[in-house]
Amino acid sequence: MSGPAPLPPATVLVLDRDDWLYVYTSFAHVTNDLEAIDVAEGEYTAYAPDGRVLALTAPGGRRGPVVLARTEEFDPVGLERRVARSWRRHHPRHPPLGPAETARRFLDEESRPREGWGARLPKRG
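What counts, and at which threshold
- For every chain, the first residue of its written sequence is number 1, and the numbers climb from 1 along that sequence.
- At least 70 in pLDDT is required for a residue's local features to be given in this predicted model, at least 80 for side-chain atom pairs to be given and counted, and no such filter applies to totals for whole chains, interfaces and linings, which use all residues.
- As a convention, hydrogens and water are excluded, and side-chain values are obtained from all of the structure's heavy atoms.
- A pair of strands is labelled paired if DSSP reports no fewer than 2 bridges between them.
- The way it works is that DSSP assigns letters per residue, a run of H or I at least four long becomes a helix, a run of E at least two long becomes a strand, and they are numbered from the N terminus.
- The criterion is simple. A nonpolar core is a set of buried Ala, Val, Leu, Ile, Met, Phe, Trp, Tyr and Cys residues joined through side-chain atoms within 4.5 Å.
- Note on classification: 1.4 Å probe, protein chains only; a residue is buried when its accessible area is under 20% of the maximum for its type, exposed when over 50%, partly exposed between these limits.
- Two residues qualify as a contact provided that any one of their heavy atoms is within 4.5 Å of a heavy atom in the partner residue.
- Under the convention used throughout, the expected extent of a helix is 1.5 Å for every residue step, that is, one less than its residue count.
- Pairs of N or O atoms within 3.5 Å make up the polar contacts considered here, provided that, within protein, one atom can donate a hydrogen while the other can accept it, and that residues adjacent in sequence are counted only when both atoms are side-chain atoms.

Caption draft 1: Here's a closer look at the pairing of strand E2 (residues 21–24). In the sheet, strand E1 (residues 12–16) pairs with E2 via four bridges, with the strands oriented antiparallel. Directly across from Leu-13, in E2, lies its bridge partner Val-23. The loop that links E1 with its antiparallel partner E2 comprises four residues; one of these, Asp-19, has a positive phi angle of about 65°.

So this is what it looks like as structure tokens:
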């Protein structure tokens, strides 16, 4: 039996001030999704699944682009604590998972096909 599927190499976990957790498969997805005004105001903290701290900045200010960069700082304990707090606050009926397991679960759920309205239409016999 093989272990869990590996995460994409550029997976990013982003937590906001209210401990909502967002998982992205690339730096580009992060920088395209987050708004510079929120980044400039310090709304988010970003990490790699191994606990590396990622620097989120808005060098152009509130209207400029968002930039995400690797740092030399590691804080796996802080990431673990933040992810556990997110689980407790927003998913209290589920036991907290670690950062990598949480990222994997979020990405698995996003990739699962969803039944749209067209699938609910009567089928022709």
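Caption draft 2: Spatial organisation of the nonpolar core. Formed by 15 residues in total, the largest nonpolar core has its most connected members in Val-12, Val-14, Val-30, Leu-34, Leu-56 and Leu-68. Looking at this core, the elements that each hand over two or more residues are E1, helix H1 (27–33), helix H2 (36–40), strand E3 (44–47) and strand E4 (52–57). Ignoring any residue separated from it by four or fewer positions in sequence, one finds Leu-68 in contact with Val-12, Phe-27, Val-30, Thr-31, Ala-46, Leu-54, Ala-55 and Leu-56. In this structure, Leu-7, Val-23, Val-53 and Ala-103 belong to the second largest nonpolar core, which totals twelve residues.

Caption draft 3: Seen up close, helix H3 (residues 76–90). With 15 residues, H3 extends 21 Å between its outermost C-alpha atoms, agreeing within 8% with the 21 Å of an ideal straight helix rising 1.5 Å per residue. Every buried residue of H3 is listed here: Gly-78, Leu-79, Arg-82, Val-83, Ala-84, Ser-86, Trp-87 and His-90.

Caption draft 4: Molecular detail of the environment of Tyr-22. Mapped onto the elements, Tyr-22 comes out in strand E2. A relative accessible area of 33% places Tyr-22 in the partly exposed class. Note: C-alpha distance between Tyr-22 and Ala-103 (81 residues apart in sequence) is 8.5 Å. Residues in contact with Tyr-22, not counting those within four places in the same chain, are Val-12, Leu-13, Val-14, Asp-16 and Tyr-44. Within the structure, the side chain of Tyr-22 is placed 3.4 Å from the side chain of Asp-16, a separation counted as a polar contact.

Caption draft 5: Structural view of the environment of Ala-103. Its location among the elements puts Ala-103 in helix H4 (residues 99–111). Ala-103 gets classed as buried once you look at its relative accessible area, which sits at 0%. For the pair formed by Ala-103 and Leu-7, sequence separation is 96 residues and the distance between their alpha carbons is 7.8 Å. Not counting residues within four places of it along the chain, the set of residues in contact with Ala-103 comprises Leu-7, Thr-11, Leu-13 and Val-23.

Caption draft 6: Representation of the side chain of Glu-43 in the model. Mapped onto the elements, Glu-43 comes out in the loop between H2 and E3. For Glu-43, a relative accessible area of 18% corresponds to the buried category.

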